[in-house]
Every structure is written in C-alpha cells, then in structure tokens.
Amino acid sequence: MITRKRAFRGALTLTVALGFAAAALPAGAVERTPTVERTPAAEAAYARATASAPSNAAAASDARLRALLHRLTTVDGAPGASVEMRDRRGSAVLTDGVADIEPRTPLDPDSRFRIGSMTKTFTATALLLLVEEKRVHLDAPVERYLPGVVRGHGNDGRRITVRQLLQHTSGLPDFLDHFDPRDIVMDPLAHRDPLDLVNIALAHPPEFAPGAGWSYSNTGYLLVGMIIERVTGNTYGEEIERRVIEPLGLSETSVPGDDPTIPGPHPRGYVRPGDDAPLLDITAVNPSVGGAAGGMISSGSDVNRFLGALLGGELLHPAQLREMMRTRPTGGSDGRRYGLGLESKPLPRGGRYWGHTGDFLGYETAAGATVDGRQATVMVNLGPGSSDAQSDDIQAAVETALSRGRSAVSVGQR
C-alpha cells in the first residue's frame, strides 16, 4: 500500500483539530456520511444475509459479495464500494453505496479511481521488460544505474540489488514511516520530487542488511522508477504507457504525473480522520507523492485486463514471468508471499491467486487473478478508513469473487 493507515489516521485527526484542512478542501467536504456502528446487531444482520444465500453456487457467491459490499458501505463506513469480476465467459460489476456524500450520486460501474500500490505491478512489469532487453540486470547493484544516489546512515546502493528493490528485501526504510501526511492535506496540489522522498528515507538507518529480511518499502519502488528513467531517457510513466497501457488498449488507465484530476467518471475520494470525525474530500491531490510506487489511475475492467494479460504471458516472456512469480514469505499468518511487484495468497477453497493491494489517499483497492483466467478488482472510495476491518472485507470480496461458483479450485503455484 502507498499509505500507512494508522499513521495517516492519527496525523489527520490532529490536522482537523488544529483547523489546517478546511481551506484546502472543497466546499461540503466535511459533511458526515451515514455509518452503522460495528455492533452485535449489525454483525448479526451481515451473518443472516450471508447465511440466507441461495444454494446455487454462483448465486450464493453473488449474495455473499453483495453482503460484503453492503458491509463496506455501512459497518465499515465507506461511501461506495464496487467489485468487477472477469473470466473467459465475460464480466460483471456489482456496486453498493454512492460516489459522493453530497448529492449522493450512485456509483458508476465504469468508474476510474486511484489504484495506489497496484501501480507497483505495472512498474515492475516495465522494469522486467527492460530485463528482457538486457538493459537492466536483476542481480546488479542499484549503484550501477543510480551512482551515488543510495547513500547514508548505513544505506548503500552498492550492496542492494534491483531484485531486492522489487521484492522489498532491500532493507531500505519506507519514506512513509517518516513523512508527515499533514503536508499533503495542507498543500494537496504540491509536486513531490521522488529523490526528495527517497532522501527522507535515507536519513534513517536500514531495517536490516540487504536480503536478510522482508519489509514493505515504497522507497524501493521510487528507485525502480528512477532506474527506468535513467536507462531509457523517458519518464517511468511514458515507459508504462508505451509498454503496457497502449499494447493492451487500457483506455481507462493513466500515469498522471502531477495532474490532480481523475479523468472520466469517478467517485469522490475521502479520508476519515478519526472514528467519530466527518469525512474529508481529498479527490484532487497531486499523485507525485506516490509516483512509481503508487501514483496511477485505472478502473476495475482495466486492472482485470492487465492482470489477465500478465498471468497469461501476453506481456512478459516466460523467463521474466517466472522471476516475477518467484515469491518469498512476508512473515504474516495469512500465507501471503511476495514476488517482484506481484503477491500471492491462498484462496479459501484451495489454490492461490496473484495480485496486489492499493491504498492512496481517498481510495482503497485490491485485485487478484488466477492462472486459469479469473480476475476481480474491488474499490472503496475511502482511505484511510476508520478501522482495518475495511481492508479485511475488501480482501474477502476479492477472494469470494475469484471463488465464485466453485466448490474447489486449483490455480497453481510457482
């Protein structure tokens, strides 16, 4: 994810308390959205909705999906939620809630949104295409491509490889651990230079020696974007557009650079500063703070098309796809493993799926795909939310959609 939810939540609470945000946010942005408390009665209602699903497997999955989406927009407090599912027979979209808290416009099934750290999968794909062309070597030191950039407080680009940046095994600190989110809320349209953000991280010691552990670091992907630019002479966004977006015809996907707008139909993006605080509209924000780690915009249909093409071998040669899908455990209890910009996780009914999560101010997303041609993308227009339950329910919706109508699956593992 691009954001650290608890840190952003706490700092945003302070921002509101000090009165910093009002001038920067659109009129009406502090309207309170209706929520349903996570009470025993609300949980019981959710359980009844799930338990009363029809016996038909596909219909039962759809009923559970609708219950999960409704839970996201009531118990979890998001204004709107959607899931887009795709397989070889076609696609379907389910939505719940609204695109804005005033005037409560219905959520458009063709919505675009900020995809946060799902950007990393696009960035990693562009880098691996340079590996195919032998212009970048995965096990070469970062120093070869960015001489003198990674230095200070024990961080050393001569000891860190490109592969370690992509797999979050570099040990580099995450700049978001040391970045004050109030700076974004106070000046949401400001440009953030990737080197300045990297240097925020490099002012602190590494988490561990390169290759000795796993720790999620947005800093590493900012550096990957810088490597792409140094090697090609183009921006990382231009390379993603030329190598991924245009060949696949992803007309709803863009790398906006400094543009704070979201083209096409889209829900407003909100943050919730605290459990009892009103929502703040932060739709218009300069995405350069995410950059190659989390700055892109897409839609459910385009993300699904991208993941299907990636796992189907349309973008990478088999050797590079194998490298991308060569995973290591992340240390969690959920069986999650991380490759090169692509993570995998067990499905409840067997097998594994591949994808990524994303969390950028105003939106939280997750997407997954199986090697037999199923994809699902879930979006809510609230991030950070008021609790981590939102993330759990988003993940449950992705897994339910991927398991739709199946009693047991085997989707492969590499």
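Above: the structure in question.
Only a predicted model underlies this, so the values are computations on that prediction, with no experimental measurement involved.

Novice: Account for the environment of L310, with residues named and values stated.
Specialist: By the secondary structure assignment, L310 is in helix α12 (residues 300-311). Along the sequence, L310 and L321 sit 11 residues apart, while their C-alpha atoms lie 8.0 Å from each other.

Novice: Give me unusual backbone geometry: which residues, what numbers.
Specialist: Peptide bonds are, in most cases, trans, and in most cases residues other than glycine have a negative phi. Backbone torsion omega between E102 and P103 reads 20°, so that peptide bond is classified as cis. By the secondary structure assignment, P103 is in the loop between β2 (90-97) and β3 (112-114). In this structure, P384 follows G383 across a cis peptide bond, with omega equal to 0°. Tracing the backbone shows P384 in the loop between β14 (375-380) and α14 (389-402). Backbone geometry places R104, a non-glycine residue, at a positive phi of 65°. Inspection of the secondary structure puts R104 in the loop between β2 and β3.

Novice: Which residues make up the side chain of D281, and what are the values?
Specialist: Mapping D281 onto the fold places it in strand β7 (residues 280-281). The exposure class assigned to D281 is buried, which follows from its relative accessible area of 7%. Among the polar contacts listed, one links the side chain of D281 to the side chain of R268, at a separation of 2.9 Å. Polar side-chain contacts of D281 include one of 2.7 Å to the side chain of T283.

Novice: I'd like a rundown of the packing of aromatic side chains, residues and numbers included.
Specialist: Counted according to the given criterion, the structure contains 4 aromatic pairs. The interplanar angle of 85° and the centroid separation of 6.1 Å between the aromatic rings of F175 and F179 together place this pair among those described as edge-to-face. An aromatic cluster of at least three residues, connected via ring pairs, comprises W214, Y216 and Y338. The ring of Y221 carries the charged tip of K120 above its face, separated from the ring centre by 5.7 Å.

Novice: Can you lay out the pattern of salt bridges for me, pointing to particular residues and giving the numbers?
Specialist: For the structure on display, the rule yields 20 salt bridges. The shortest N-O distance in the salt bridge between E252 and R112 comes to 3.9 Å. One end of the pair, E252, is in the loop between α10 (236-248) and β6 (270-271); the other, R112, is in strand β3, with 140 residues separating them in the sequence. A relative accessible area of 17% places E252 in the buried class. Residue R112 is classed as buried on the basis of its relative accessible area of 15%. For E239, the salt bridge goes to R242, with nearest N and O atoms at 3.2 Å. Remark: R242 and E239 occur in helix α10; sequence separation between them is 3 residues, near one turn of the helix. Among the ionic contacts, a cluster of salt bridges with common partners joins E133, R135, E239, R242 and R243.

Cut-offs used in this document
Residues numbered from 1 in each chain as written. Predicted model: local features only at pLDDT ≥ 70, side-chain atom pairs only at ≥ 80, totals over all residues. Heavy atoms only, no water. Helix = DSSP H or I, 4+ residues; strand = E, 2+ residues; numbered from the N terminus. Buried < 20%, exposed > 50% of the residue type's maximum accessible area, 1.4 Å probe, protein only. Polar contact = N/O pair within 3.5 Å; in protein donor to acceptor, adjacent residues only side chain to side chain. Phe/Tyr/Trp six-rings, centres within 6.5 Å; stacked < 30°, edge-to-face > 60°. Lys NZ or Arg CZ within 6 Å of the ring centre and 35° of its normal. Salt bridge = Lys/Arg side-chain N within 4 Å of Asp/Glu carboxyl O.

Note that every value here comes from positions in space, so none of it alone points to a role or purpose.
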